[in-house]
Amino acid sequence: MKILHVIESGGFYGAERVLIELMLGLKVLGHEAVLLSFGYKGQAEKEFEIICGQYGITVTSIRVHKLESFCISRYIKDFAENNNFDVVHSHGYKFNILFGLMPKRNRFNCFCSTVHGYVSAPKFSKMALYQYLDKYALKQLSRVFLVSKHMTNLPSIKGLEPNQYAVIENGIGGYKPTCTIEERLVTFL
């Protein structure tokens, strides 16, 4: 399986650590996992991109102007199709929203997301708006993965059908699942 992981990273935090573990684990299982790292024009190489390179993870960086970012989902879809990816896997609300708002006929065939968590957002803030849009967008995606069982209580997840999401606990540093990631993905996808 060929999987394109998409993220806009602002540093090296929990989601980035989990993503490295996931991509390394998929590689061990014989899958090809590539990182598509998003940023804005003028941004230097990101810390996360450097760390991925040190682990031998293939990284493709995209840098666009702010207005171009609204059209990035079309670029990602074309990139995935032109490079024969089977799955596009989002790690952040931005890509969930941009893909979720695309007409279904224009979306990549298999688009999934890992929800790494939400912060508490003030009621009338930009973050609250993003979380509201993400709640809608998640319903449009092929599958949603949660990094812990308690996340099933989040309002954005409660709106999903039980067969739309699965919990795969964070796998940082020696996580021993009861079945392999490959078995979970194959039965879920």
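The model shown is predicted, which means the values in this text are computed figures rather than measured ones.

J.: Hey, could you go over helix 3 (residues 72–82) for me, with residue numbers and the actual values?
T.: Of all the residues in helix 3, the buried ones are Ile72, Ser73, Ile76, Lys77, Phe79 and Ala80. The buried residues of helix 3 occupy an angular sector of 165° when the element is viewed end-on, so they sit on one face. On its buried face, helix 3 is in contact with strand 1 (2–7), strand 2 (32–40), strand 3 (58–64), strand 4 (87–90) and helix 4 (93–100). Backbone geometry just after helix 3 places asparagine 84 at a positive phi near 60°.

J.: Outline the confidence of the model for the protein, listing residues and values.
T.: Low pLDDT means the predicted atomic positions in that stretch should not be read closely. The share of residues in the protein with pLDDT of 70 or more is 90%, and the mean pLDDT across the chain is 87. Within the protein, no element has a lower average pLDDT than helix 7 (residues 181–188), which sits at 49, and none a higher one than strand 1, at 97. Below pLDDT 50 for its whole length, residues 174–178 participates in 5 contacts with residues either more than four positions away or in separate chains.

J.: Provide a residue-level description of the packing of helix 1 (residues 14–28) against helix 2 (residues 47–54), including the pertinent values.
T.: When two helices pack together, their arrangement is given by the angle between their axes and by how far apart the axes lie. At a minimum axis distance of 11 Å, the contact between helix 1 and helix 2 shows a crossing angle of 25°. As the angle between them shows, helix 1 and helix 2 are arranged roughly parallel. The handedness of the crossing between helix 1 and helix 2 is right-handed. Where helix 1 approaches helix 2, its residues Glu16, Leu19, Ile20 and Met23 are matched on the opposing element by Phe48, Ile51 and Cys52. A breakdown of the residues in the contact of helix 1 with helix 2 according to their chemical character gives 6 nonpolar, no polar and 1 charged.

J.: So what's going on with unusual backbone geometry? Residues and values would help.
T.: Positive phi values are uncommon outside glycine, yet asparagine 84 reaches one of about 60°. As for its position among the elements, asparagine 84 is in the loop between helix 3 and strand 4.

J.: Describe in detail the sheet that holds strand 2, supporting the description with residues and values.
T.: Taking strand neighbours across the sheet as the criterion, the 7 strands line up as 3-2-1-4-5-6-7 in an open arrangement whose pairing is parallel. Among the strands making up the open sheet, the edge pair consists of strand 3 and strand 7 (165–167). Within the sheet, the average angular offset between the axes of one strand and its neighbour, ignoring direction, is 25°. Taken together, the 3 bridges between strand 4 and strand 5 (residues 111–115) define a ladder with parallel strand orientation. Considered in strand 5, the bridge of histidine 89 is made with cysteine 112.

J.: Explain the packing of aromatic side chains to me, using residue names and the numbers behind them.
T.: In this structure the tally under the stated criterion is 7 aromatic pairs. On the numbers, 5.3 Å between centres and 75° between planes, the contact of phenylalanine 38 with tyrosine 40 is edge-to-face. Owing to a relative accessible area of 17%, tyrosine 40 belongs among the buried residues under this scheme. Considering the side-chain rings of phenylalanine 99 and phenylalanine 111, the 4.0 Å spacing of their centres and the 20° angle between planes classify their relative orientation as stacked. Taken together, the residues span a long stretch of sequence, with phenylalanine 99 in helix 4 and phenylalanine 111 in strand 5 at a distance of 12 residues. The pair phenylalanine 99 / phenylalanine 111 is uniform in exposure class, with both members buried. One aromatic cluster is present, formed by Phe38, Tyr40 and Phe95 through successive ring pairs. Between the NZ or CZ atom of lysine 2 and the centre of the ring of phenylalanine 85, over which it lies, the distance is 4.8 Å. A cation over a ring is seen here: lysine 66 above tyrosine 40, with NZ or CZ 4.5 Å from the ring centre.

Criteria and thresholds
Residues numbered from 1 in each chain as written. Predicted model: local features only at pLDDT ≥ 70, side-chain atom pairs only at ≥ 80, totals over all residues. Heavy atoms only, no water. Buried < 20%, exposed > 50% of the residue type's maximum accessible area, 1.4 Å probe, protein only. Helix = DSSP H or I, 4+ residues; strand = E, 2+ residues; numbered from the N terminus. Arc of directions from axis to C-beta. Contact = heavy atoms within 4.5 Å. pLDDT = per-residue confidence, 0-100. Axes fitted to C-alpha atoms, helices over the stretch in contact; angles between N-to-C directions. Parallel < 35°, antiparallel > 145°, perpendicular 65-115°, else oblique. Left-handed = near helix turned anticlockwise from the far one by under 90°. Nonpolar A, V, L, I, M, F, W, Y, C, P; charged D, E, K, R; others polar. Pairing = 2+ DSSP bridges. Phe/Tyr/Trp six-rings, centres within 6.5 Å; stacked < 30°, edge-to-face > 60°. Lys NZ or Arg CZ within 6 Å of the ring centre and 35° of its normal.

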